[in-house]
Amino acid sequence: MNKRDLMRMEFIGLNVSVLSTPCYSGISGVVVDETKNTFVVNSGGYKKIIPKPGNMFEFTHEDKKFVIMGTDVRYRPEDRIKKVR
């Protein structure tokens, strides 16, 4: 699996850490929902809404880590498969 394959799959259920923006940096947990512009992350028992634009995310899938810019996946989840190249 490579980064492009990950960007085309479902993010819900994956572990994620926010790497950029000081106000969101350090938030990590499991993605529980996704919209065009946000991820909802269950972090420490709280659901936190993280905007995609302006943030960098590190996803863990099958013990591999992938860093993805939020603007690269700024699509509705159902449209991302067609639009990510």
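Residues numbered from 1 in each chain as written. Predicted model: local features only at pLDDT ≥ 70, side-chain atom pairs only at ≥ 80, totals over all residues. Heavy atoms only, no water.

Caption draft 1: Structural detail: the pairing of strand 4 (residues 46-51). Bridge count for strand 3 (residues 38-43) against strand 4 is six bridges, and the pairing is antiparallel. Each bridged residue has a counterpart across the sheet, and for phenylalanine 39 the counterpart in strand 4 is isoleucine 50. Between strand 3 and strand 4, which pair antiparallel one after the other, the connecting turn spans two residues, and glycine 44 there sits at a positive phi close to 60 degrees. (Pairing = 2+ DSSP bridges. Helix = DSSP H or I, 4+ residues; strand = E, 2+ residues; numbered from the N terminus.)

Caption draft 2: Representation of the pattern of salt bridges within the structure. Per the stated rule, a full pass over the model turns up five salt bridges. For arginine 76, the salt bridge identified is with glutamate 78, shortest N-O distance 3.7 Å. We note a salt bridge from aspartate 79 to lysine 82, for which the minimum N-O separation is 3.7 Å. Pair noted here: aspartate 79 and lysine 82 are both in helix 2 (residues 77-83), with a separation of three residues, about one helical turn. The network of salt bridges with shared partners includes Arg76, Glu78, Asp79 and Lys82. (Salt bridge = Lys/Arg side-chain N within 4 Å of Asp/Glu carboxyl O.)

Caption draft 3: Representation of unusual backbone geometry. Of note, glutamate 62 is a non-glycine position whose phi angle comes to about 50 degrees, a positive value. Mapped onto the elements, glutamate 62 comes out in the loop between strand 5 (56-61) and strand 6 (64-69). Under the relative-accessibility criterion, glutamate 62 is labelled exposed at 64%. Phi is positive for aspartate 63, which is not a glycine, with a value near 65 degrees. Position of aspartate 63 relative to the elements: it lies in the loop between strand 5 and strand 6. (Buried < 20%, exposed > 50% of the residue type's maximum accessible area, 1.4 Å probe, protein only.)

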